[in-house]
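Structural description and commentary
Read off the chains here:
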Amino acid sequence: MSLPAVSAAGAPPVEPARDPYHVYLDSLTSPESRRTMRGCLDRLARMLTGDEHATGAGQPWHLLRYEHTVRIRTMLTDQGWSAAYVNKHLVALRRVLKEAWRLGQTSAEDLARASDLAPVRQSRLPAGHHVPPEVVGGRRWRRATTPRPASATRR
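Residues numbered from 1 in each chain as written. Predicted model: local features only at pLDDT ≥ 70, side-chain atom pairs only at ≥ 80, totals over all residues. Heavy atoms only, no water.

**A closer look at the environment of Leu 63**
Note the threshold: Secondary structure elements follow DSSP: runs of H or I of four or more residues count as helices, runs of E of two or more count as strands, with numbering from the N terminus.
Along the chain, the position of Leu 63 falls in the loop between helix H2 (31–49) and helix H3 (66–78). For the pair formed by Leu 63 and Gln 105, sequence separation is 42 residues and the distance between their alpha carbons is 8.6 Å.

**What to know about the pattern of salt bridges**
The following threshold applies: Salt bridges are defined as contacts in which a side-chain nitrogen from Lys or Arg sits within 4 Å of a carboxyl oxygen from Asp or Glu. When a residue's accessible area, from a 1.4 Å probe over protein chains only, is under 20% of the maximum for its type it is buried; when over 50% it is exposed; and in between it is partly exposed.
With the rule as written, the count across this model stands at 5 salt bridges. Salt-bridge contacts for Arg 102 lead to Glu 99; the nearest nitrogen and oxygen are separated by 3.0 Å. Taken as a pair, Arg 102 and Glu 99 lie in helix H4 (residues 83–102) at a separation of 3 residues, close to a single helical turn. When the shortest N-O distance is used, the salt bridge between Arg 113 and Glu 109 registers 2.7 Å. Taken as a pair, Arg 113 and Glu 109 lie in helix H5 (residues 108–115) at a separation of 4 residues, close to a single helical turn. For Arg 113, a relative accessible area of 48% puts it in the partly exposed group.

**Section: empty space enclosed by the protein**
Short version of the rule: A cavity here means a set of 1 Å grid points, computed over protein atoms only, where a 1.4 Å probe fits but cannot escape. A pocket is an open set with protein on both sides within 12 Å along at least 5 of 7 lines, and lining residues have an atom within 4 Å of a point. Grid points are joined across faces, edges and corners, and a volume is the space filled by probe spheres set on the points. Amino acids outside the nonpolar list (Ala, Val, Leu, Ile, Met, Phe, Trp, Tyr, Cys, Pro) and the charged list (Asp, Glu, Lys, Arg) are all regarded as polar, and Gly is one of them.
For the coordinates displayed, the defined rule picks out 1 cavity of 30 Å³ or more. The space that makes up the largest cavity amounts to roughly 30 Å³. Lining the largest cavity, in full, are Trp 61, His 62, Leu 64, Arg 65, Leu 97, Ala 100, Thr 106, Asp 110, Leu 111 and Ala 114. Counted by class, the lining of the largest cavity contains 6 nonpolar, 2 polar and 2 charged residues.

**Quick look at the packing of helix H1 (residues 20–27) against H2**
Stated precisely, the cut-off is as follows: Inter-axis angles, ranging from 0 to 180 degrees, are taken between N-to-C directions of lines fitted to C-alpha atoms, where helices are fitted over the stretch in contact. Note on angle classes: values under 35 degrees are labelled roughly parallel, values over 145 roughly antiparallel, values of 65 to 115 roughly perpendicular, and the remainder oblique. Left-handed describes a crossing whose near helix is turned anticlockwise from the far helix by less than a right angle; the clockwise case is right-handed. Two residues qualify as a contact provided that any one of their heavy atoms is within 4.5 Å of a heavy atom in the partner residue.
Packing of H1 against H2 leaves a shortest axis separation of 9 Å and a crossing angle of 155°. By the angle class used here, H1 and H2 are roughly antiparallel. Crossing angle aside, the handedness with which H1 passes H2 is right-handed. Across the interface between the two elements, Tyr 21, Tyr 24 and Leu 25 from H1 touch Arg 34, Met 37, Arg 38, Leu 41 and Asp 42 from H2. Residues that form the contact of H1 with H2 fall into these classes: 5 nonpolar, no polar and 3 charged.

**Some words on the environment of Arg 124**
You can see Arg 124 is positioned in the loop between H5 and helix H6 (133–145). Owing to a relative accessible area of 71%, Arg 124 belongs among the exposed residues under this scheme. Between the C-alpha atoms of Arg 124 and Ala 83, which are 41 residues apart in sequence, the distance is 9.9 Å.

Coordinates in, geometry out; function isn't part of it.
Encoded structure:
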């Protein structure tokens, strides 16, 4: 993975009460929201560490800077996930960074820069199925050549 280095070497483990991951998840009022955002943060931690068993707990979220979050956004979009799914992960990332700021672990300027990520935009085709042009053309021809009763003619 080509993420700029974020080193927490030598840093003591973060106690859960001061861990932005736990503080953010505890701030969510819905169990479903906690489960969803925990999944997003754990997925981000696995991407960042390369450890398939990593969780967001105890990660050095406060050390992430703009160059890291831009790369994270790129890594998420490269996964081929929908824009909504990627944006949900970016929301979780922004919120855990904000909790790190609230806990005094990062400066307001670093928070503002690291959180300044544009949402992922995507256009989707409407639901349905593909109708080949020859089928559409055939129906138009058949309709144009089929006689209609006088009451059905246009005025």
